[in-house]
Amino acid sequence: MNPVQYRRAESVEDAFPGAQWRLLGGGTNLVDLMRKGVEHPAGLLDVTGLSEEIAASDDGGLVIGAAARNSAVAAHPLVRRRYPMLARAILAGASAQIRNMATVGGNLMQRTRCAYFADAAGSRCNKRAPGSGCDAIGGFTRYHAIFGASPECVATHPSDMAVALAALDARVNVAGPGGTRTIPLAEFYRLPGDRPDLETTLGADEIIVSVAMPASPFAGASAYRKVRDRASYAFALVSVAAGVTLRDGVVDDVRIALGGVAARPWRALRAEETLRGTRPTDEAIDAAITAELASAEPLPGNEFKIELVRRTTVAVLSELRGTPA
Amino acid sequence: MDITVNGTAVAPPDDARVSLLDMLRDHLHLTGTKVGCNQGACGACTVLIDGRRVLSCLTLAAQAAGREVTTIEGLDPHPLQAAFVERDGLQCGYCTPGQICAAAAMIDEVRAGVPSYVTADLSAESVPFSRDEVRERMSGNLCRCGAHNGIVDAILEVADGSTV
Ligand SMILES: Cc1cc2nc3c(=O)[nH]c(=O)nc-3n(C[C@H](O)[C@H](O)[C@H](O)COP(=O)(O)OP(=O)(O)OC[C@H]3O[C@@H](n4cnc5c(N)ncnc54)[C@H](O)[C@@H]3O)c2cc1C
Ligand code: FES
Ligand code: FES
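Note that the structure is a prediction, hence the values are computed from the model and not measured.

What follows deals with the overall build of chain B. When its secondary structure is counted, chain B shows 6 helices and 5 strands. Mapped in sequence order, the helices and strands of chain B form the string β-β-α-β-β-β-α-α-α-α-α. For 164 residues, the compact-globule estimate of 2.2 N^0.38 gives 15 Å, and chain B sits close to it at 16 Å. Dimensions of chain B, computed from C-alpha atoms along their principal axes, come out at roughly 45 × 35 × 25 Å. Out of the 164 residues belonging to chain B, those deemed buried represent 54%. In chain B, the share of contacts with a sequence separation of at least 24, taken over all contacts with a separation of at least 6, comes to 57%. By element, 48% of the accessible surface of chain B is carried by carbon and sulfur atoms, the whole surface being about 7,000 Å².

Below is the structure:
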């Protein structure tokens with residue numbers, strides 16, 4: 001690891017990262033990547049002293065400060081009651097120790113767990129070193145994307161929390177030297193295209209200040225299910241965040257977001273559209289997710305994800321249709 | 001700002017790269033905290049900061065300035081230690097300090113009603129001390145000797161018997 005400076009930010013205005021500086025949340029991702037030689041910042045600006053407040057907003061929604069620890073969000077009574085899908089998604093991630101450290105801002109900005117990206121000494125990676133090539137393509141792709149990948153990069157975004165936030169139509173409030181703005185979560189992550197090194201639409205000198213969620217129409221009738229290689233403390237092969245409301249037995253509102261399948265949480269808009277206004281029988285759910293999967297492009301090592309997404313989605317939604325919102 | 005380690009104030013290292021783990025072991029010679037993977041994947045380095053369990057390998061010592069760090073040396077003596085011995089919660093013992101620090105904090109989390117991924121009703125105010133709950137909540141601490149069954153027994157004994 002190269003020598004590094006360390007400073008605590010006193011306010012949001014004090015926290016716009018200068019060139020070669022990186023914001024430091026819990027450090028659970030950044031410290032690891034510095035040690036692996038993937039990141040070499042000149043300085044670390046600790047932003048854990050900024051707002052960690054979790055507060056109800058006037059429109060029935062919730063605003064969560066970027067410095068809130070993952071464990072604090074999952075344990076918060078309003079999150080558990082109004083957004084159980086978000087609490088469950090956070091609790092599905094990492095371990096209790098890591099969730100105590102990890103912040104909401106850091107969780108959104110964490111880098112891919114692609115092993116070739118992390119292997120700075122031995123592997124080519126267009127995300128880490130643009131233009132160098134991608135050793136994942138043709139390599140071990142069990143954890144890689146089936147949607148939205150490019151010939152340059154097939155990495156996935158590893159966050160569980162972000163998948164629930166995508167289903168909940170969250171917005172990311174950011175600040176920079178030019179002022180503040182709000183980015184819908186749906187526009188926060190970029191697909192790799194020919195610039196896999198550019199992962200989000202956050203500017204290099206901007207900081208995430210908070211995450212806001214509108215009121216949720218389906219507290220009870222929502223779920224987060226994660227499928228992984230061991231029962232706990234493992235990244236998702238596939239995960240499904242879903243919520244549904246029915247009117248007269250017919251789907252009124254439905255949200256389906258998939259994790260472990262793309263460089264961003266994958267909102268299954270096609271499946272949602274297909275389901276809305278229908279009776280959510282097993283066959284209807286199956287047809288809807290199958291329509292979504294028609295655009296999937298699996299790699300030789302992850303074709304199993306097609307069937308896994310299909311079955312997990314059917315299982316989650318068929319359970320939810322019997323649950324009152 | 002000093003770091004309080006087991007009640008004693010110490011100055012953070014000059015070099016901001018030093019992890020809390022390396023500071024504890026190499027600078028303060030508190031070698032009860034173990035180095036396993038040094039990348040967040042095993043839990044051997046678990047310590048408490050302000051009473052909450054964290055991984056000292058991914059914490060920079062600088063981040064702990066102004067905070068209270070408790071290591072296994074600071075918890076000693078703890079009822080979990082005897083329970084681990086009685087219930088065969090260890091073989092080689094390498095993961096044990098991390099297991100005990102994690103378990104001590106975990107018992108407090110359950111008592112405070114903090115849910116886990118396997119908690120059926122997330123809106124419930126209290127959660128049970130079941131085997132499944134303990135297994136899920138301790139999943140961040142691996143044991144290469146495979147003493148997990150004994151570890152869960154020991155924790156359940158201490159938690160149910162309210163010895164803590
Ligand atoms: C062994 C292991 C297992 C894990 N398993 C899972 C899992 O199953 N599911 C899962 O979802 N995650 C998992 N994680 C990842 C974990 O959730 C992330 O490392 C964590 O959420 C990152 O948060 P942090 O605050 O520690 O970020 P840091 O490491 O401090 O920072 C990460 C990035 O975010 C940037 N950043 C931090 N704060 C801000 C801000 N306010 N604005 C803009 N940028 C910011 C930093 O500059 C850095 O680039 C695992 C991690 C480990 C080590
Ligand atoms: S040494 Fe810290 S988690 Fe393994
Ligand atoms: S007792 Fe040997 S690793 Fe756990």
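Listed per partner, the contact involves 43 residues of chain A and 42 residues of chain B. Buried surface at the junction of chain A and chain B, both sides included, amounts to about 3,200 Å², of which 52% is carbon and sulfur. Ranking the residues of chain A by area buried against chain B places Arg-80, Arg-88 and Gln-97 of chain A at the top, with a combined share of 21%. Counting every contact that joins chain A to chain B gives 0 salt bridges. Taken together, the connections running from chain A to chain B amount to 23 residue pairs in polar contact (both at pLDDT 80 or more).

Residue and element names in this part refer to chain B. In spatial order, the strands read S2-S1-S5-S3-S4; together these 5 strands make up an open sheet with mixed pairing. Taken across any chain shown, the strands that pair with only one partner, and hence form the sheet edges, are strand S2 (8–10) and strand S4 (52–55). In this sheet, neighbouring strand axes are inclined to one another by 35° on average, regardless of whether the strands run parallel or antiparallel. Inspection of the sheet shows strand S1 (residues 3–5) paired to strand S5 (residues 68–70) by 2 bridges, in the parallel sense. Across the sheet, Val-5 pairs through a bridge with Val-69, a residue of S5. Contacts from helix H4 (residues 96–111) reach strand S3 (46–49) and S4, with the element oriented near 45° to S3.

With that settled, consider the side chain of Thr-103 of chain A. Residues and elements named next belong to chain A. As for its position among the elements, Thr-103 is in the loop between helix H5 (96–101) and helix H6 (104–109). A distance of 3.0 Å separates the side chain of Thr-103 from the backbone nitrogen of Gly-106, its partner in a polar contact. The residues contacting Thr-103, other than those within four sequence positions of it, are Gly-25, Gly-26, Thr-48, Ala-66, Ala-67, Ala-68, Arg-69 and Asn-70.

A word on the nonpolar core. Residues and elements named next belong to chain A. Ranked by size, the top nonpolar core spans 45 residues in total, and within it Ile-64, Val-73, Leu-86, Leu-108, Leu-165 and Met-213 carry the most contacts. Taken together, the elements giving at least two residues each to this core come down to strand S5 (62–65), helix H2 (70–75), helix H3 (77–82), helix H4 (84–91), H6, helix H8 (161–167), strand S6 (171–176) and strand S8 (207–213). Broken down by element, this core gets its largest block of residues, 7 residues, from H8. Look past the residues within four positions of Val-73 in its chain and what remains in contact with it is Ile-54, Ile-64, Ala-68, Val-79, Leu-86, Ile-90 and Val-104.

All names here are of chain B. Domain boundaries in chain B define domain 1 (3–75) and domain 2 (79–158). Distance between the C-alpha centres of domain 1 and domain 2: 21 Å. In this assembly, domain 1 packs against domain 2 so that about 1,200 Å² is buried in total across both faces, 59% of it on carbon and sulfur atoms. The partner of Glu-109 in a salt bridge is Arg-53, and the shortest N-O contact between them spans 2.8 Å. On the surface where domain 1 and domain 2 come into contact, there are 6 residue pairs in polar contact (both at pLDDT 80 or more).

A few words on the site of ligand 1. As a matter of local geometry, ligand 1 sits amid 36 residues, with Leu-23, Gly-25, Thr-28, Thr-103 and Asp-160 of chain A nearest to it. With respect to ligand 1, its neighbouring residues span chains A and B. One nitrogen or oxygen atom from the main chain of Gly-26 of chain A is found 2.8 Å from an oxygen atom belonging to ligand 1. A distance of 3.0 Å separates an oxygen atom of ligand 1 from a polar atom in the backbone of Ala-94 of chain A. Considered on its own, ligand 1 offers 990 Å² of accessible surface; in the complex 95% of this is hidden by protein. Put simply, the parts of the chain that give the shell around ligand 1 at least two residues each are strand S2 (21–24), H6 and S8 of chain A. Top element by residues in the shell around ligand 1 is H6 of chain A. It accounts for 4 residues.

So, how was this worked out
- Residues numbered from 1 in each chain as written.
- Chains lettered and ligands numbered in written order.
- Predicted model: local features only at pLDDT ≥ 70, side-chain atom pairs only at ≥ 80, totals over all residues.
- Heavy atoms only, no water.
- Helix = DSSP H or I, 4+ residues; strand = E, 2+ residues; numbered from the N terminus.
- Rg over C-alpha atoms; globule rule 2.2 N^0.38 Å.
- Buried < 20%, exposed > 50% of the residue type's maximum accessible area, 1.4 Å probe, protein only.
- Contact = heavy atoms within 4.5 Å.
- Areas by Shrake-Rupley, 256 points an atom, 1.4 Å probe, with all protein chains shown as cover.
- Buried area = accessible area lost by both parts, 1.4 Å probe.
- Salt bridge = Lys/Arg side-chain N within 4 Å of Asp/Glu carboxyl O.
- Polar contact = N/O pair within 3.5 Å; in protein donor to acceptor, adjacent residues only side chain to side chain.
- Pairing = 2+ DSSP bridges.
- Axes fitted to C-alpha atoms, helices over the stretch in contact; angles between N-to-C directions.
- Core = buried A, V, L, I, M, F, W, Y, C linked by side-chain atoms within 4.5 Å.
- Domains from an automatic or database assignment.
- Near = heavy atom within 4 Å.

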